[in-house]
Amino acid sequence: MTASRSSGWPAPAKLNLFLHINGRRDDGYHELQTLFQFVDHCDYLDFKVTNEPALVLHSNMSEAVADNDNLILRAAKSLQKQTKCQLGAEIWLDKRLPMGGGLGGGSSDAATTLVALNALWKLNLPTERLAEIGLELGADVPVFIKGLSAFAEGVGEQLQAVTPAEYWYLVLVPDVHVSTADIFQDPDLPRDTPKLTLDSLMSNPWSNDCQELVVKRHPQVAKTLAWLLEYAPSRMTGTGACVFGQFEQEQQANDVLAKLPASIKGFVAKGKNISPLMLRLAQH
Ligand SMILES: C[C@](O)(CO)[C@H](O)COP(=O)(O)OP(=O)(O)OC[C@H]1O[C@@H](n2ccc(N)nc2=O)[C@H](O)[C@@H]1O
Ligand SMILES: Nc1ncnc2c1ncn2[C@@H]1O[C@H](COP(=O)(O)OP(=O)(O)OP(=O)(O)O)[C@@H](O)[C@H]1O
């Protein structure tokens, strides 16, 4: 049997609308409180099921990632191992999200792989089980698997669905990589924001505890954020480097994009409380 190619599985970016660091656990991971919202700017994956267990990835990634490190292949392997599935897959990745920008592209690719192969290999694992497998690959993977905007606690895996306003965002991509591990290891990272209730967090002004440190360490992020703040309420997502400004109307975001100096890349996207991945899964 040669299965046909199942196309157009989206792996959306996420924004951390706020990010508070509440403490550090004994294993080095950080306790945090954050609000995840998806946007409609995505990587896209295609899958073809094969009868042999081999996994093959074709991608247009601009930066080389070894197969052993690629979160797509790690996700597929992990799913095979957990379910003793003997099927394999040929996978195509159309990479559109900037890598290492705090938009969660790698985690989202892993989540889309788990969700799509669970369906295409007819494994029928429940979402909770997929999220557990995903958490082994990265703290951000479960929210992409569950597919609903969420308030997260713990290391990012305790999720509560919420529906923040779906604004338009102008996302800017400073020309610098910020390593998530480096930021979390930095002695100057503030780690003592008190844990707050969801109600008080939703009504307080939103901020990112990593932003001040990243801005201090990376002048390109400082410059990009300062530029965007002239036009809209703006802040950093995750551990950076990307920053986003918030707009009521698409046109307003596009007008600011049109003014962007050629040296900075950016895109306009809409906040989505239901992940585009869920809509694709429903069509399957
Ligand atoms: C900061 C966020 O971007 C918020 O969305 C994420 O929690 C990071 O999630 P992620 O990239 O999936 O993170 P992982 O790949 O699990 O971890 C990368 C590195 O970040 C640090 N890390 C990550 C998450 C967390 N809650 N505490 C941490 O200290 C760890 O040093 C880890 O080595
Ligand atoms: N499929 C993948 N796509 C992108 N990066 C990948 C992938 N697989 C592994 N990686 C590795 O993961 C690193 C982080 O990638 P990613 O784009 O998820 O960062 P990020 O947006 O900063 O994520 P986060 O906000 O979760 O920290 C990359 O620099 C790359 O080495």
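What counts and how
- The residue numbering used here restarts from 1 in each chain and proceeds along that chain's sequence as written.
- For naming, the first written chain is A and the first written ligand is 1, with later ones following in the order written.
- For a predicted model such as this one, the threshold for reporting local features is a pLDDT of at least 70, and the threshold for listing and counting side-chain atom pairs is 80 or more; totals across whole chains, interfaces and linings nevertheless cover every residue.
- Those domain boundaries reflect an automatic or database domain assignment.
- By definition, residue pairs are in contact when their C-beta atoms, positioned from the backbone, come within 7 Å.
- In this text, helices come from DSSP runs of H or I with a minimum length of four residues, and strands from runs of E with a minimum of two, each type numbered from the N-terminal end.
- By the convention adopted, Pro, Cys, Tyr, Trp, Phe, Met, Ile, Leu, Val and Ala count as nonpolar, Lys, Arg, Asp and Glu as charged, and the other residues, Gly among them, as polar.
- Working rule for contacts: place C-beta from the backbone, and if it is within 6 Å of a molecule or strand, that residue counts as near it.

Section: the domain arrangement of the protein
Domain annotation for the protein reports domain 1 (6–162) and domain 2 (168–272). Distance between the C-alpha centres of domain 1 and domain 2: 22 Å. Each side of the interface is counted separately: domain 1 has 25 residues, and domain 2 has 31 residues. At the level of elements, β1 (6–24) and β2 (30–50) are the ones that each hand at least two residues to the side of domain 1 that touches domain 2. Sort the elements by how many residues they give to the side of domain 1 that touches domain 2 and β1 lands first, with ten residues. For the side of domain 1 that touches domain 2, the class distribution of residues is ten nonpolar, 13 polar and two charged.

A few points about the site of ligand 1
The immediate surroundings of ligand 1 are formed by 19 residues, with His30, Gly138, Asp140, Val155 and Gly238 found nearest. Counting residues per element, the ones that place at least two in the shell around ligand 1 are β1, β2 and α5 (180–185). Taken together, the residues that form the shell around ligand 1 break down as seven nonpolar, eleven polar and one charged. Taken domain by domain, the shell around ligand 1 gets at least three of its residues from each of domain 1 (6–162) and domain 2 (168–272).

Description of the site of ligand 2
In the neighbourhood of ligand 2, 19 residues make up the surrounding shell, with Leu71, Gly105, Gly106, Asp109 and Gly238 lying closest. At the level of elements, α1 (71–83) and α2 (105–120) are the ones that each hand at least two residues to the shell around ligand 2. When its residues are assigned to classes, the shell around ligand 2 shows five nonpolar, eleven polar and three charged. Lining the shell around ligand 2 are residues from two domains, each supplying at least three of them: domain 1 (6–162) and domain 2 (168–272).

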